[in-house]
Amino acid sequence: MTACGGKAQEGTKETVQKNKDEKIIKVASQTTPMTDVVEVAAKEAEKDGWKIELIQVNDNIQYNELLKNKEVDANFAQHEPYMKKFNQEKKAKLVAIQKIYNAKVGFYSKDYKKIEDIPDGAKVAIPNDISNEGRALAILAEEGLITLKEGVGFEGTLKDIEKNDKNLEFVSIDLLNLAEAYNEKDVALVYNYPTYIAKIGLKPTDALFLEKTVDERFAISLVAREDNKESESIKELKKVMTSDSVKQFLEKEHSETLVPAF
């Protein structure tokens, strides 16, 4: 096993050097519009003699694992609080390089058109990861549905709820599965991102209410590692991902779901 590990390590070093020599940048991402942004940026990078390779994954774990293990140079799929939680849990050294856009997040309901119509004891589906849970609770507090302990802001947890006059029942669900909860018979409210709610045909204009106070920490960001954040490849990646082409693409194709953050 030690011998195999040594060869794998050598292989990784050789791959990194090869990519550097050939001016290849590998970027892991998960789904649209993040993957689309990488592809638009790739066309810009070609003008500078760089090739960006998109490595698409199917979940919210692999893009960080690939980056941590130096199998890619960067990723584009998450906000900084989520990245920091990964660093803490995995003892990783990932770094947020550049904010790219703020997604329009909020709560959706198939049964209710007004907040005041939400009944006592209604079920509310929220993300089960701590960073997105805090954001969801802050939005509910902003709408007056709950009251959080003073000062917790976007970092609140279910334990920080001080008032819950409607006796809302919270159901914690993996972010990738939240959209399915929308059609559950007894779920009154579902938190979600435009990317995930789109798969059931919804968009932010369909939300019962959206986030009003945007915390820039939650901007979807370009992420690299501590050891390569100053490299030429990451500098090039930051340049092309904040190019006019990317900004125009976001504003033209995705204005309903996001706002550029650069």
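Details of the structure are given in the entry above.
The sections below set out a description of the structure shown in this document.

**Digging into the nonpolar core**
Here is step 1 of the chain: Residues Ile52, Phe76, Phe107, Leu140 and Leu237 are the most contacted members of the largest nonpolar core, which totals 81 residues.
Here is step 2 of the chain: Apart from the residues lying within four places of it in its own chain, the contact partners of Leu237 are Ile25, Val27, Ile52, Ala74 and Leu222.

**Structural notes on the packing of helix α2 (residues 34-47) against helix α8 (residues 232-241)**
Packed helices, taken two at a time, are described by the angle between their axes plus the distance between the axes.
Here is step 1 of the chain: Packing of α2 against α8 leaves a shortest axis separation of 8 Å and a crossing angle of 110°. Here α8 runs roughly perpendicular to α2, going by the angle between their axes. Counted together, Val37, Ala41, Glu44 and Ala45 of α2 and Glu236, Val240 and Met241 of α8 form the full contact between these two elements.
Here is step 2 of the chain: Per-class residue counts for the contact of α2 with α8 are 5 nonpolar, no polar and 2 charged.

**Considering the packing of aromatic side chains**
Here is step 1 of the chain: Tallied over the full model, the rule gives 6 aromatic pairs.
Here is step 2 of the chain: Residues Phe107 and Tyr191 carry aromatic rings whose centres are separated by 5.5 Å and whose planes lie at 65° to one another, so their mutual orientation is edge-to-face. Separated by 84 residues along the polypeptide, Phe107 in strand β5 (residues 106-108) and Tyr191 in strand β10 (residues 187-192) bring together distant segments of the chain.
Here is step 3 of the chain: Using a relative accessible area of 0% as the deciding quantity, one classes Phe107 as buried.
Here is step 4 of the chain: Between the aromatic rings of Tyr193 and Tyr196, the centroid separation amounts to 6.4 Å while the plane-to-plane angle is 80°, which identifies the pairing as edge-to-face. By the burial criterion, Tyr193 is buried, and Tyr196 matches it.
Here is step 5 of the chain: Ring pairing ties together the aromatic residues Phe107, Tyr191, Tyr193, Tyr196 and Phe209, which thus form one cluster.

Conventions adopted
- Numbering of residues begins from 1 in every chain and follows the order in which that chain's sequence is written.
- Per-residue local features of the predicted model are confined to residues with pLDDT of at least 70, and side-chain atom pairs are confined, for both listing and counting, to 80 or more; whole-chain, interface and lining totals are unaffected and use all residues.
- Values reported for side chains reflect all heavy atoms of the structure, with hydrogen atoms and water molecules removed beforehand.
- Put simply, buried Ala, Val, Leu, Ile, Met, Phe, Trp, Tyr and Cys residues joined by side-chain atoms within 4.5 Å make one nonpolar core.
- Residue exposure (1.4 Å probe, protein chains only): buried if accessible area is under 20% of the type maximum, exposed if over 50%, otherwise partly exposed.
- A contact between two residues is defined here by any heavy atoms of the two lying within 4.5 Å.
- Under this scheme, a helix contributes an axis fitted over its contacting stretch, all axes are lines through C-alpha atoms, and angles between N-to-C directions fall in the 0 to 180 degree range.
- The secondary structure listing takes helices from DSSP runs of H or I that are at least 4 residues long and strands from runs of E that are at least 2 residues long, numbered from the N terminus.
- The cut-offs work like this: below 35 degrees is roughly parallel, past 145 is roughly antiparallel, 65 to 115 is roughly perpendicular, and the gaps in between are oblique.
- Ten residues, namely Ala, Val, Leu, Ile, Met, Phe, Trp, Tyr, Cys and Pro, are considered nonpolar, four, namely Asp, Glu, Lys and Arg, are considered charged, and the remaining ones, Gly among them, are considered polar.
- In summary, the pairing rule links any two rings of Phe, Tyr or Trp, Trp by its six-membered ring, whose centres are within 6.5 Å, and it sorts them by plane angle into stacked for under 30 degrees, edge-to-face for over 60 and tilted for everything else.

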